[in-house]
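Summary of the model geometry
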Amino acid sequence: MAELLRSLQDSQLVARFQRRCGLLPAPDEGPGENCAAPGLEHLPAATGKGCGEPANGLRRVAAPQADVQKYIVKNYFYYYLFRFSATLGQEVFYITFLPFTHWNIDPYLSRRLIIIWVLVMYIGQVAKDILKWPRPSSPPVVKLEKRVITEYGMPSTHAMAATAISFTSLISTMDRYQYPFVLGLMMAVVFSTLVCLSRLYTGMHTVLDVLGGVLITVVFIVLTYPAWTLIDRLDSASPLFPVCVIVVPFFLCYNYPVSEYYSPSRADTTTILAAGAGVTIGFWINHFFQLMSKPTESFPVTQNIPPLTTDVFVLGLTKFTVGIVLILLVRQLVQNLSLQVLFSWFKVVTRNKEARQRLEIEVPYKFVTYTSVGICATTFVPMLHKFLGLL
């Protein structure tokens, strides 16, 4: 078993998969315009917990320099397929798919997807910074992504999120809408498989990272499924519910596992938890103040999936456009305001990018920003849709 795990964690296995898919390192390895990974700038050592020093008093070291490779694409079908599949596990997908689901398909489904997605992503992000397993080494692996190069590898949160989204959608809709179960199962498997394979193709994870992410998610879904209905009803349990929804996630973000060098893990985790908190508070506001009807857990009868007509498409596109514009405006406004307040409070020079990475600035501004985004998406956008006659 130990030998099998070592083989699945071997970077050579990922490199062979890349070669078979037509992704090769260029003969003249070195920095270039199509480099897979950027040189990582040294972060200055700082003192104080908020400035990035670990709780044990050790000075942080700079993020390790990444080996940079040029690469050659021999098969553009696989290249574009897996690059596109990789985006299905990134922020750009969730910030469009989840709100679109809420505004145009089924608010009940979107709420369940967001709750499961937030819980799964938090488990995965924290596990990375506790286990501290490195990503595949380069060379021999060619790395195509830059931003998360400093994060650890195990488990793959892309694999976790894709598995959670696809199979939560399947479980939550199979008794709610009429469609062939086999078709839904095939779509869930194809979606999650493409995202998982994309993590190997882009060189960001080993096979073990991906399998670990899938396995953790499957176990999580099996263990929590009996409590899904109870979780759906928590937002109407108590008037103090919003306080818990804010305090607990903020505490988890502020006490995120300390790393030896800065990586986007804590920021991404804060964004995810804050968005989930905002969505949950938004549903509570709608229910408590009776602004919108609460999404029903089940229809009187199983519904047919409505046909996609031109009118439905135009209406959905209009609602999505209106909603995204409002969300982006709120995001920019709250982010700028919160940063101004925090910079003034801690006497930091405005537009200091490194200052944003300090614990006492990064967590509050991201938490406030994305909590506001979540509330806006579930409360104010539907109200605007209603005002404009789009509902």
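Cut-offs and rules
- Sequence order as written defines residue numbering, which begins from 1 separately in each chain.
- Only residues with pLDDT of at least 70 are given local features in this predicted model, and only at 80 or more are side-chain atom pairs given and counted; all residues enter the totals for whole chains, interfaces and linings.
- Values reported for side chains reflect all heavy atoms of the structure, with hydrogen atoms and water molecules removed beforehand.
- Secondary structure is summarised from DSSP: a helix means a run of H or I of at least four residues, a strand means a run of E of at least two, and numbering begins at the N terminus for each.
- Relative accessible area decides the class of each residue, using a 1.4 Å probe on protein chains only: under 20% of the type maximum gives buried, over 50% gives exposed, and in between gives partly exposed.
- Note on contacts: a residue pair is in contact if any heavy atoms of the two residues lie within 4.5 Å.
- Values of accessible area rely on a 1.4 Å probe in the Shrake-Rupley scheme; residue burial ignores everything except the protein chains shown.
- For the purposes of this section, nonpolar cores are sets of buried Ala, Val, Leu, Ile, Met, Phe, Trp, Tyr and Cys residues that join through side-chain atoms within 4.5 Å.
- Only one rule defines a salt bridge in this text: a Lys or Arg side-chain nitrogen within 4 Å of an Asp or Glu carboxyl oxygen.
- Contacts described as polar in this section are N or O atom pairs within 3.5 Å, which, within protein, must combine one atom able to donate a hydrogen with one able to accept it, while residues neighboring in sequence count only if both atoms come from side chains.
- Each axis is a line fitted through C-alpha atoms, and for a helix only the stretch in contact is used; angles between axes span 0 to 180 degrees, taken between their N-to-C directions.
- Take the far helix as the reference: if the near one is turned anticlockwise from it by less than a right angle, the crossing is left-handed, and if turned clockwise, right-handed.
- Gly counts as polar in this scheme, as do all residues outside two lists: the nonpolar Ala, Val, Leu, Ile, Met, Phe, Trp, Tyr, Cys and Pro, and the charged Asp, Glu, Lys and Arg.
- Expected helix span is given by 1.5 Å per residue-to-residue step, counting one fewer step than there are residues.
- Values of pLDDT, the confidence the predictor places in each residue, fall between 0 and 100.
- Planes of paired rings set the category: under 30 degrees apart is stacked, over 60 is edge-to-face and the rest tilted, where pairs are Phe, Tyr or Trp rings (Trp by its six-membered ring) whose centres lie within 6.5 Å.
- Geometrically, a lysine NZ or arginine CZ counts as sitting over a ring once it is within 6 Å of the ring centre and also within 35 degrees of the ring normal.

Turning to the overall build of the protein chain, a few remarks are in order. When its secondary structure is counted, the protein chain shows 13 helices and four strands. Residue burial in the protein chain is summarised as follows: out of 391 residues, 49% are buried. If you take every contact in the protein chain between residues at least 6 apart in sequence, the share linking residues at least 24 apart comes to 81%. Per element, the accessible surface of the protein chain, about 19800 Å² overall, is 68% carbon and sulfur.

Core analysis: the biggest nonpolar cluster contains 42 residues, and Y94, L98, W103, W117 and I327 have the highest contact counts within it. Breaking this core down by element, the ones donating at least two residues are α4 (91-105), α5 (107-131), α6 (157-173), α7 (181-201), α10 (241-254), α11 (265-288), α12 (310-345) and α13 (359-387). Sequence-distant contacts of L98, defined by excluding residues within four places in its chain, comprise F93, S110, L113, I114, W117 and I165. In this structure, V14, V141, C196 and V210 belong to the second largest nonpolar core, which totals 10 residues.

This part covers the pattern of salt bridges. Enumeration according to the criterion identifies four salt bridges in this entry. Between R176 and D106 there is a salt bridge; the shortest N-O distance is 2.5 Å. Note that R176 is positioned in the loop between α6 and β3 (177-178) and D106 in the loop between α4 and α5, a separation of 70 residues in sequence. Note on R176: relative accessible area 4%, which makes it buried. In this structure, the salt-bridge partner of R358 is E360, at a minimum N-O distance of 2.6 Å. Each member of the pair R358 and E360 is classed as buried.

Turning next to the side chain of T224. Here T224 lies in helix α8 (residues 207-224). Taking relative accessible area as the criterion, T224 reaches 17% and is therefore assigned buried. A polar contact of 3.1 Å, which involves the side chain of T224, links it to the side chain of W228.

One way to put it is that α6 packs onto α8 with a least axis distance of 8 Å and a crossing angle of 35°. As α6 runs across α8, the sense of the crossing is right-handed. Contacts between α6 and α8 involve A159, M160, T163, A164, F167, T168 and I171 from the former and V210, G213, V214, I216, T217, V218 and I221 from the latter. For the contact of α6 with α8, the class distribution of residues is 10 nonpolar, four polar and no charged.

Another point: α7. End to end, α7 covers 30 Å across 21 residues, agreeing with the expected 30 Å (1.5 Å per residue, within 8%). Those residues of α7 lying buried are G184, A188, F191, S192, V195, C196, S198, R199, L200 and Y201. Once α7 ends, the next one or two residues include G203, with phi positive near 75°.

Turning next to the environment of F283. Tracing the sequence through the fold places F283 in helix α11. Among the residues examined, F283 registers a relative accessible area of 5% and is labelled buried.

With that settled, consider the confidence of the model for the protein chain. When pLDDT is averaged across the protein chain, the result is 80; 82% of the residues are at 70 or more. Confidence drops under a pLDDT of 50 for residues 29-67, and excluding neighbours within four residues, the segment shows 79 contacts in the predicted structure.

Looking now at unusual backbone geometry. Note: most peptide bonds trans; most residues except glycine with negative phi. Cis geometry marks the peptide bond from M154 to P155; its omega dihedral reads 0°. Topologically, P155 is positioned in the loop between α5 and α6. For K132, which is not glycine, the phi dihedral falls at a positive 60°. Structurally, K132 is set in the loop between α5 and α6.

Another point: the packing of aromatic side chains. A full pass over the atoms with the stated rule returns 17 aromatic pairs. Here a set of aromatic residues connected by ring pairs shows up, and it is made of F17, Y76, F77, Y78, Y79, Y80, F82 and Y201. Over the ring of F283 we find R111, and its NZ or CZ is 5.3 Å from the ring centre.

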